[in-house]
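Residues per chain are reported as follows:
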Number of protein chains: 2
Amino acid sequence: MSRSLPKQRLRVWLRMLSAQREIETGLREALRVKFDSTLPRFDVMSALDRYRDGLRMSELSAKLKVSNGNVTGIVERLAGEGLVERVAVDGDRRAMQVRLTPTGAERFAEMATAHEGWIDEQLSAFDSDELEQLIRLLERMGGENA
Amino acid sequence: MSRSLPKQRLRVWLRMLSAQREIETGLREALRVKFDSTLPRFDVMSALDRYRDGLRMSELSAKLKVSNGNVTGIVERLAGEGLVERVAVDGDRRAMQVRLTPTGAERFAEMATAHEGWIDEQLSAFDSDELEQLIRLLERMGGENA
DNA sequence: TGCAGATATTTTATACTTGAAATAAATTCT
DNA sequence: AGAATTTATTTCAAGTATAAAATATCTGCA
């Protein structure tokens, strides 16, 4: 006998939360011990790596779906470590373009390789067909994306 | 042509993060405006609602997959609002049993109803078969669980 | 031109989160 | 019993996160 649709949806949600929290715990730990870094920093660097010309603060927070003020702090720390730099945008003195420094790009490359490996392990139970299924389903969850 | 398995797994992971962050943003906002509460508080209350006799601090943090110290703070605030209470465990003076107060249980019931509705909306795109698929797939992600 | 409103970002206050250290109490092992 | 270890929880320092207020700049339009 199948549950009511709302209950079933709730179940999916709770299961998703649980799986994600577990995987994140592993990633966080790995980033910490191998790179002395954190997930939020990795996320920011990852976004910047995909946009080599850099991103505005607001673009960054939109892509990561986190608040503006949040990004300010993370970028500040990354800048302090010399991994990213903020450059004035000419034509708009309000805006800031953030991009990886060469050191940052290099460092990110190492982290990304390791990260991909960790995720590969965590999702090793799934074959290509199942992954395709998951993608298709997840793409319909929430709204648009990237 | 299909990507390499590791890349495909990474794609699934990123998509899952994105969907979840989006849904969480909605929930957080809803909890804030309707109940002047937060997601972590809701999570704690939800766990306690399923265990009416209460849970130890350590059981609570294990169920929620968050650190001990984290739970201390959230429970403290909930206790301040009169929604949970901490009682000494007899036979073990180190331990604390946390449980919903009557007010807390009542309040949680309202929140849970609303929460289920919000999730139902967010996942409204999926029918029963798809939800079943999702559950089965998600259950194999990460390790065991609840 | 000049200003009303829109944008981009930072700042602030508060809450959440972790990992590690500190307490305190129970258990184990002589 | 008494010391060493383990277990339950809190405290702490630092980082992450949000929403809202504050700044600074830009844009459109009377």
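Residues numbered from 1 in each chain as written. Chains lettered and ligands numbered in written order. Predicted model: local features only at pLDDT ≥ 70, side-chain atom pairs only at ≥ 80, totals over all residues. Heavy atoms only, no water.

Points about the protein's contact with DNA strand D
For step 1, the next point in the chain: The environment of DNA strand D is made up of 25 residues, and the closest members are T38, S67 and R77 of chain A together with S58 and R94 of chain B.
For step 2, the next point in the chain: Near the protein, within 4 Å, the atoms of DNA strand D are sugar or phosphate in 75% of cases.
For step 3, the next point in the chain: Contact distances for DNA strand D include 2.6 Å between a phosphate oxygen and a side-chain N or O atom of T38 of chain A.
For step 4, the next point in the chain: In this structure, a phosphate oxygen belonging to DNA strand D sits 2.8 Å away from a main-chain N or O atom of M96 of chain B.
For step 5, the next point in the chain: If you list the elements that add at least two residues to the surface near DNA strand D, you get α2 (39–50), α4 (68–80) and β3 (92–100) of chain A together with α1 (5–35), α3 (57–64), α4 (68–80) and β3 (92–100) of chain B.
For step 6, the next point in the chain: Per-element accounting of the surface near DNA strand D gives the leading share, four residues, to α4 of chain A.
For step 7, the next point in the chain: When grouped by side-chain class, the residues that make up the surface near DNA strand D number six nonpolar, nine polar and 10 charged. (Near = heavy atom within 4 Å. Polar contact = N/O pair within 3.5 Å; in protein donor to acceptor, adjacent residues only side chain to side chain. Helix = DSSP H or I, 4+ residues; strand = E, 2+ residues; numbered from the N terminus. Nonpolar A, V, L, I, M, F, W, Y, C, P; charged D, E, K, R; others polar.)

A word on unusual backbone geometry
The phi torsion of most residues other than glycine is negative, and most of the peptide bonds are trans.
All names here are of chain A.
For step 1, the next point in the chain: A positive phi angle, close to 55 degrees, is found at K65, a residue other than glycine.
For step 2, the next point in the chain: In this structure, K65 sits in the loop between α3 (57–64) and α4.
For step 3, the next point in the chain: In this structure K65 comes out as partly exposed when scored by relative accessible area, which is 27%. (Buried < 20%, exposed > 50% of the residue type's maximum accessible area, 1.4 Å probe, protein only.)

Points about the protein's contact with DNA strand C
For step 1, the next point in the chain: Taken together, 24 residues sit near DNA strand C, with S58 and R94 of chain A together with T38, S67 and R77 of chain B positioned nearest.
For step 2, the next point in the chain: Counting only the atoms of DNA strand C within 4 Å of the protein, the fraction contributed by sugar and phosphate is 78%.
For step 3, the next point in the chain: A distance of 2.8 Å separates a phosphate oxygen of DNA strand C from a polar atom in the backbone of M96 of chain A.
For step 4, the next point in the chain: Interatomic distance of 3.0 Å between a side-chain N/O atom of R41 of chain B and a phosphate oxygen of DNA strand C.
For step 5, the next point in the chain: For the surface near DNA strand C, the secondary structure elements donating two or more residues are α1 (5–35), α3, α4 and β3 of chain A together with α2 (39–50), α4 and β3 of chain B.
For step 6, the next point in the chain: Partitioned by chemical class, the residues of the surface near DNA strand C number six nonpolar, eight polar and 10 charged.

Here's the deal with the pairing of β3 of chain B
All names here are of chain B.
For step 1, the next point in the chain: In this structure, strand β1 (residues 55–56) lies alongside β3, joined through two bridges in antiparallel fashion. When the bridges of β3 are listed, L55 appears paired with V98.
For step 2, the next point in the chain: As paired elements, strand β2 (residues 84–89) and β3 share six bridges and run antiparallel to each other. Paired with V84 across the bridge in β3 is L100. (Pairing = 2+ DSSP bridges.)

Topic: the sheet that holds β3 of chain B
Sheets are built from strands that pair by backbone hydrogen bonding, the pairs being arranged parallel or antiparallel.
All names here are of chain B.
For step 1, the next point in the chain: The antiparallel open sheet is built from three strands, whose spatial order is β1-β3-β2. On the outer flanks of this sheet lie β1 and β2, each paired with one strand and no other.
For step 2, the next point in the chain: Along the sheet face, α2 touches β1, β2 and β3 and points at about 95 degrees away from the line of β3. (Contact = heavy atoms within 4.5 Å. Axes fitted to C-alpha atoms, helices over the stretch in contact; angles between N-to-C directions.)

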